[in-house]
Each structure stands twice: as structure tokens, then as C-alpha cells.
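Summary of the model geometry
The primary structure of each chain is shown beneath.
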Amino acid sequence: MLKTVAVIVVPNFSMFEFGTACEVFGIDRSDRGSGVPAFDFRVCTPVPGQVPLKSGLSMNVPLGLEATADADLVIMAPFGHDQDVPEPVLEALRAADSRGAWVMSICSGAFALARAGLLDGRRCTTHWHYSGQLAASWPLARVDENVLYVQDGNIISSAGTAAGIDACLHLVRVELGAQVAAAIARDMVVPPHRDGGQAQFIDRPMPTCGSAPMEALLRWMVQNLDREHSVNDLAARVHMSPRTFARKFRSETGATPAAWLNSQRVLRAQELLESTDLNIDEVARESGFGHPVLLRHHFAKVLDTSPQSYRRAFRGQLAEAG
């Protein structure tokens with residue numbers, strides 16, 4: 001169960017990306033009736049005291065790296081990707097990995113994980129600006145520059161800026177379930193789930209009709225997952241030609257309409273498996289897949305597990321929490 005979170009910062013760390021971890025795990029939402037627990041959130045550094053930020057400001061960090069010793073999750077905040085990393089930081093990351101804790105990097109924090117040897121043979125990512133250098137410097141790391149975040153075992157790496165939010169919410173979903181992740185996302189006013197395989201760099205030409213119609217369409221699609229949605233029908237709802245709609249949809253979401261719908265249906269299926277006693281046939285219908293075989297296919301494709309196994313794992317977590 002995810003309870004204790006430690007974020008490691010080093011000189012020249014990035015304020016915004018560091019803040020994403022603080023926003024997800026560092027705010028006590030336990031009294032809001034949404035099921036979100038109060039995390040034991042710690043910020044630590046090799047030499048406690050004033051730590052300079054990339055922006056020119058500084059932050060007082062009173063905790064040393066001993067704060068990572070019993071953490072369920074250790075997050076490496078981003079820093080100057082070409083700067084040295086203190087050996088105690090690398091030792092703390094290795095120790096967390098060795099005892100089976102979650103280890104996460106945000107943006108250039110992946111370079112610390114690579115220096116610690118934690119990315120050897122593992123899929124990983126970082127900001128697309130730095131992915132080439134990461135791959136060249138650590139050829140054993142399986143770097144994918146075209147994703148928002150990657151989970152390989154207990155290691156999660158994410159791209160820059162908002163992708164850190166996606167990675168944090170992904171882990172919340174894995175450990176605490178869809179409802180808790182959705183509650184945090186709702187409080188932050190961000191989407192509760194973006195598939196990690198979504199494209200990192202999305203070309204956004206000037207919209208021809210503004211973003212509001214597309215956002216309204218996406219909300220309508222989520223509310224009608226059990227319906228068939230052809231490109232022609234969707235294009236007609238926003239008064240576009242099918243070709244223009246398909247191009248704009250991909251530029252706005254990073255996915256095709258079919259892929260985006262399937263990811264939302266998987267998300268809905270997860271919620272139903274976690275929060276209801278519906279059988280697999282009913283979950284398939286309610287989530288929009290219609291047939292159990294399609295539910296199982298897409299569940300395995302996205303989550304590498306079966307609906308039954310996912311439900312057992314989640315119910316097991318609930319039992320442990322109780």
C-alpha cells in the first residue's frame with residue numbers, strides 16, 4: 001500500500017516538475033470524503049539546508065536521504081541532466097529498488113536512475129529533448145521518446161512537465177484504485193488518466209473552431225461509451241469533414257478516435273471492476289466493449305493482465321487497507 005513518499009532534490013532542480021509530485025502526494029485530502037489517504041510526504045536532499053532551484057530561487061530542505069529508507073515511493077526530481085549526481089543519491093535509489101519500493105523519475109530525473117544502473121534492460125523515457133542523449137549514454141536502457149510515461153516493474157519514468165502528473169496519477173491508480181486517482185485529478189482539475197503510450201510531442205496547429213467544441217465532444221463520447229462512434233458521425237457532431245476531424249482529433253489528443261475510445265473504455269472497465277460486483281459480461285457491456293472477448297483483448301493490450309486478475313488484485317489491496 002502506498003503510504004510514504006520521498007522526493008529527492010539536488011541543486012539546480014526544476015520547480016514545476018517537483019511541484020507536480022507535491023501536488024499529487026503532498027496535499028492532505030483525507031478529510032474530503034473522497035477516499036484519498038494522507039500520504040507521509042517527505043522532501044530530502046544529500047546535504048540538508050538551502051538547495052538552489054533551476055529558476056534561481058532556493059528552498060530550505062531540512063531532511064537528508066535517510067528519509068528514503070522506508071519510503072514506499074522514491075521520486076527523483078529533475079535537475080540539470082548533464083550535471084553530476086552525488087553518490088549518496090545513487091545509493092539511495094539503488095537501495096529503494098533493491099527492497100522493492102517504487103522508484104519514479106520525472107523528466108531529466110531519469111538520468112539519475114540511469115547513473116544508478118536502474119534502467120539497464122528496462123523500458124524508460126524522459127523529455128524528448130534529452131532522450132537521444134539518455135539512449136546514447138546508457139545503451140542498455142530501452143529508451144522510448146514517444147511516450148508520456150513508462151512503468152517497467154517497480155520503475156516508472158516520465159517525460160517533462162505535465163507527464164509527471166500523469167505518471168503520479170498512474171501509480172495512484174495502480175496502488176489505490178481508479179476512484180482515488182480520479183478524486184485527486186478532480187481536485188487538481190486535470191484528466192484522471194492519460195495512457196502512458198500517448199505521444200509526447202503533439203503538433204497543435206491553430207484550431208479552426210477553437211478547443212471548446214472538441215472538449216465538449218470528448219465529454220459526450222465518455223458519457224456514451226456504449227455507443228458506436230464512427231469518424232463520420234463524430235465529425236458531423238462538430239461540423240467538420242471526416243478528414244479534417246481525424247487530423248484535428250489526433251492533434252488534440254495524440255491518438256486516433258478509435259484508440260482514444262478504447263483507452264476510455266478500459267478506464268471505465270477498471271472503475272467497474274474496482275467499485276462494483278458486476279460480472280465480466282456486464283462490465284463489458286457497461287464499459288462499451290459489448291463482448292467479454294473484446295474487453296479481455298484490450299485489457300491485456302493496455303494493462304498486460306486480465307479483468308479477473310485485475311479485480312482480484314484490487315480487492316486484495318482493499319483487504320490489506322482494511
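Scroll up to find the structure.
Remember, predicted model here, so these are calculated numbers, not experimental data.

For the rest of this paragraph, the subject is the overall build of the chain. Each helix and strand in the chain was counted, giving 13 helices and 10 strands. A compact globule built from 322 residues should have a C-alpha radius of gyration of about 20 Å, and the chain, at 20 Å, falls within 12% of that. Of all 322 residues assigned to the chain, the portion counted as buried reaches 50%. For the chain, long-range pairs separated by at least 24 residues make up 63% of all intrachain contacts whose partners lie at least 6 apart in sequence. Of the roughly 14,900 Å² that the chain leaves accessible, carbon and sulfur atoms contribute 52%. Positive and negative side-chain charges of the chain, numbering 30 and 35 respectively, have mean locations separated by a distance of 7 Å.

Interaxial distance between helix H10 (residues 257-275) and helix H11 (residues 280-287) falls to 9 Å at its minimum, and their mutual angle equals 140 degrees. When the axes of H10 and H11 are compared, the pair comes out oblique. Relative to H11, the crossing made by H10 is right-handed. Contact residues: Arg265, Arg268, Ala269, Leu272 and Leu273 in H10; Ile280, Val283, Glu286 and Ser287 in H11. Partitioned by chemical class, the residues of the contact of H10 with H11 number 5 nonpolar, 1 polar and 3 charged.

Moving on: the sheet that holds strand E6 (residues 102-106). Sheet strands line up and pair through hydrogen bonds in the backbone, either parallel or antiparallel. Strand order in the open sheet formed by 6 strands is E2-E1-E5-E6-E10-E9, and the pairing between neighbours is mixed. The sheet terminates laterally at strand E2 (40-44) and strand E9 (149-152), the two strands that pair on one side only. Across this sheet, the average inter-strand angle for adjacent strands is 15 degrees, counted without regard to direction. On top of the sheet, helix H2 (residues 87-98) reaches strand E1 (4-8), strand E5 (73-76), E6 and strand E10 (155-158); it is set at about 145 degrees to E5, its chief contact. The strands touched by helix H5 (residues 163-176) are E5, E6, E9 and E10; relative to E6, the strand with the most contacts, the crossing angle is about 160 degrees.

Reading the values: the criteria
- Residues numbered from 1 in each chain as written.
- Predicted model: local features only at pLDDT ≥ 70, side-chain atom pairs only at ≥ 80, totals over all residues.
- Heavy atoms only, no water.
- Helix = DSSP H or I, 4+ residues; strand = E, 2+ residues; numbered from the N terminus.
- Rg over C-alpha atoms; globule rule 2.2 N^0.38 Å.
- Buried < 20%, exposed > 50% of the residue type's maximum accessible area, 1.4 Å probe, protein only.
- Contact = heavy atoms within 4.5 Å.
- Areas by Shrake-Rupley, 256 points an atom, 1.4 Å probe, with all protein chains shown as cover.
- Lys, Arg positive; Asp, Glu negative; His and termini not counted.
- Charge placed at Lys NZ, Arg CZ, Asp CG, Glu CD.
- Axes fitted to C-alpha atoms, helices over the stretch in contact; angles between N-to-C directions.
- Parallel < 35°, antiparallel > 145°, perpendicular 65-115°, else oblique.
- Left-handed = near helix turned anticlockwise from the far one by under 90°.
- Nonpolar A, V, L, I, M, F, W, Y, C, P; charged D, E, K, R; others polar.
- Pairing = 2+ DSSP bridges.

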